[in-house]
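The primary structure of each chain is shown beneath.
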Amino acid sequence: MASDVRLVCRPLVHYTAVREPTKGTHGMNNLNWNSRNLTRGWQRGVTAFFYGLGMTEKDFDKPQIGIGVPLLEGNLCNVHAYELAREVKESCQSAGLVGFPFGVPGVSDNITQGMEGGNASLPSRNMIANAAECVVSAHSYDALVGLHNCDKNGPGFAMALARLNYPGLILSGGSIHPGQYKDRDVTILDVYDSQAAASVGAIEQEEADEILRVACPGPGGCGIAASFNTWGIALEAMGLSPPQSSSIPAIDPEKTEECGRTGALVKNLLREEIRPRDILTKTAFRNAAAAIAAIGGSTNGMLHLLALAREAKVDFTLSDIQPIMRETPVLCSFAPRGPGTMVDLHRIGGASVLLKHLLEAGVLDGGGMTVTGSTLAENLADAPSPPADQELIAPVDAPFKTFADIQICFGNLAPDGMVFKVSSMEETSFRGRAACFDDSKSVVEAVEDGRIGPGTVIVLRYLGPQASGMPEVLVASAALSVPKLDGKVALVSDTRVSGVSHGAIGVHCAPEALVGGPIALVEDGDEISFELLEGNITLHVSDEDLATRRQAWTPPAHEHTRGYLADFAATVSQADSGCVSHWVS
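Please read these numbers as outputs of a predicted model, since none were measured by experiment.

Calculation rules
Residues numbered from 1 in each chain as written. Predicted model: local features only at pLDDT ≥ 70, side-chain atom pairs only at ≥ 80, totals over all residues. Heavy atoms only, no water. Phe/Tyr/Trp six-rings, centres within 6.5 Å; stacked < 30°, edge-to-face > 60°. Lys NZ or Arg CZ within 6 Å of the ring centre and 35° of its normal. Helix = DSSP H or I, 4+ residues; strand = E, 2+ residues; numbered from the N terminus. Contact = heavy atoms within 4.5 Å. Core = buried A, V, L, I, M, F, W, Y, C linked by side-chain atoms within 4.5 Å. Buried < 20%, exposed > 50% of the residue type's maximum accessible area, 1.4 Å probe, protein only. Arc of directions from axis to C-beta. Axes fitted to C-alpha atoms, helices over the stretch in contact; angles between N-to-C directions. Parallel < 35°, antiparallel > 145°, perpendicular 65-115°, else oblique. Left-handed = near helix turned anticlockwise from the far one by under 90°.

**Q** Explain the packing of aromatic side chains to me, please; I cannot follow it from the model alone.
**A** In this description, an aromatic ring pair is defined by two values, namely the gap between the centres and the angle between the planes. As enumerated under the stated definition, the model contains seven aromatic pairs in all. When the ring centre of W33 is taken as reference, the NZ or CZ atom of R275 above it lies at 4.3 Å.

Take a look at the structure:
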């Protein structure tokens, strides 16, 4: 039977998002530089949905702000994220803007430690960047506000801001308060250390379990200088977060007040046409790296800085970071290197007190633009000096250490670099015999069985970005913190460790084992040495022997059973590029 239906073919039209606002005017039409393509564009039918959302004709001329929310109520770090997003939305409304919260993936580094889910942590950062870029660009939002509640949230949103170059900023969701055990503060660090101590009989299991039950009393990110707060302080130092955001605790009324000021900040960014790449200069990256060094922060901060630099098209590499780490003293006693928490910092005046101290010490450059529309120095002008009766921040002339806990090394074991963090070793050099492992659990079992002794270099491999998503191996590094081994062994790996970790740890080995990096060729008993301030990491095996081993080496059989991990492995670059997608590099 013949059909009378006619197919009408029309040419495919490619639409390019408007990237820059109209210059020279500051009226409302300028502020909604992107969303007007929808609200006042040729496709009038789309506005039916806006009417259904309760908007009016007048609202169509207001800027629309995407509010990125890492939704994960099964994680203390994120449990209050949507509550904060609602506060930001209301502040947008008060400022004459329209705020639209949207969800992005959230993965808890802590809950997934040592499990299959640990592989999802770093991929979730790149997923957040992609999801935020996707939603904000697809819906023609005029700006992006991202909430930094857990380790990979803030880095993902920062990457999206740099990639889009849309106006925006990042707010910290705030730190958890420490718990109380026998009249002393305890944190997640105490949980892992006490469990490791109990496993070798150093303390009773019941005592370790009592600490576990009280260490995490409510909402907020891990409260020490681990990955979450390392990035929070770095964001303030580079100018992508407003002053004090990183240090206001999650449940403090000031956090709600901060959210209430966000709409006005975003409106000013739109009015002044300040874009992320106006803020993310090489000086901003130097500031962030120096701040991480000064607080004794996490190695994860280095990985995220490298990724963000790639997204922002700034030439900033491990070779730039290396001298900063050598020259920057440690001026804070945050855990894990000391007892301090972010709540302690809040009590003595907050992040602005710390950053002002670093600025006056010459650690930071105050000339860069920030999301307030003022320079870093202007933001900190009225911040007081650290109180005389506190022990968290050291005087400039009496640092806790004259160089950073984090150091960058290159050598025949890691031609493209390795990031070390050494906070419990007095010496800057180490030499030992290799003991090779392919998973964290085997390291823990070896420690518990007494098969690891002082002078050992644990080589943990085949866990890099392509192999396994580069999971954190806190359970392995925590096992090395028992009294017999703490400061007397080293760990080198092609994966990551938590900012909670302490000891002598070299991670982010590039290239990774799976792609044939030299770390794949190490054998039990090989000598490995490193000299931190010289920046050297050496596998003491001749070039001839390494060449022979390489000829005999074949990559292990490897197939990802999770789709997200297969996608990540297919696109990810190595750690020295921040593990961004290849197309970014």
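**Q** What exactly am I supposed to notice about the environment of R184 here?
**A** Positionally, R184 belongs in strand β6 (residues 184-186). Ignoring any residue separated from it by four or fewer positions in sequence, one finds R184 in contact with G179, D190 and I211.

**Q** What's the story with the nonpolar core in this structure? I'm lost.
**A** Where a protein is soluble and globular, its nonpolar side chains tend to be buried together. One finds M238 and L305 to be the most contacted residues of the largest nonpolar core, which totals 100 residues. For this core, the element with the most residues is helix α12 (residues 282-295), which contributes 10 residues. In this view, L305 contacts W231, M238, F285, A288, A289, I292 and F316; residues no more than four positions away in its chain are not counted. If you look at the next biggest cluster of nonpolar residues, it comprises 32 residues, including M418, V422, I528 and I537.

**Q** Any chance you could explain helix α18 (residues 440-448) here in plain terms?
**A** Counting along an α-helix, one turn takes 3.6 residues, and residues three or four places apart therefore face a common direction. Along α18, the residues that are buried comprise S440, V443, V444, A446 and V447. Buried residues of α18, viewed axially, fall in a sector of 160 degrees; they line one side. The elements touched by buried residues of α18 are β9 (429-437), β10 (456-460) and α20 (474-479). Phi for G450, located one or two positions after α18, is positive at around 75 degrees.

**Q** Explain the packing of helix α6 (residues 153-164) against helix α13 (residues 300-312) to me, please; I cannot follow it from the model alone.
**A** Between two packed helices, the angle of one axis relative to the other and the distance separating the axes together describe the packing. At a minimum axis separation of 8 Å, α6 and α13 run at an interaxial angle of 15 degrees. One element, α6, and the other, α13, form an angle in the roughly parallel class. Along this stretch, α6 crosses α13, giving a crossing that reads as right-handed. Here P155, A158, M159, A162 and R163 of α6 come into contact with α13, specifically with H304, A307, L308, E311 and A312.

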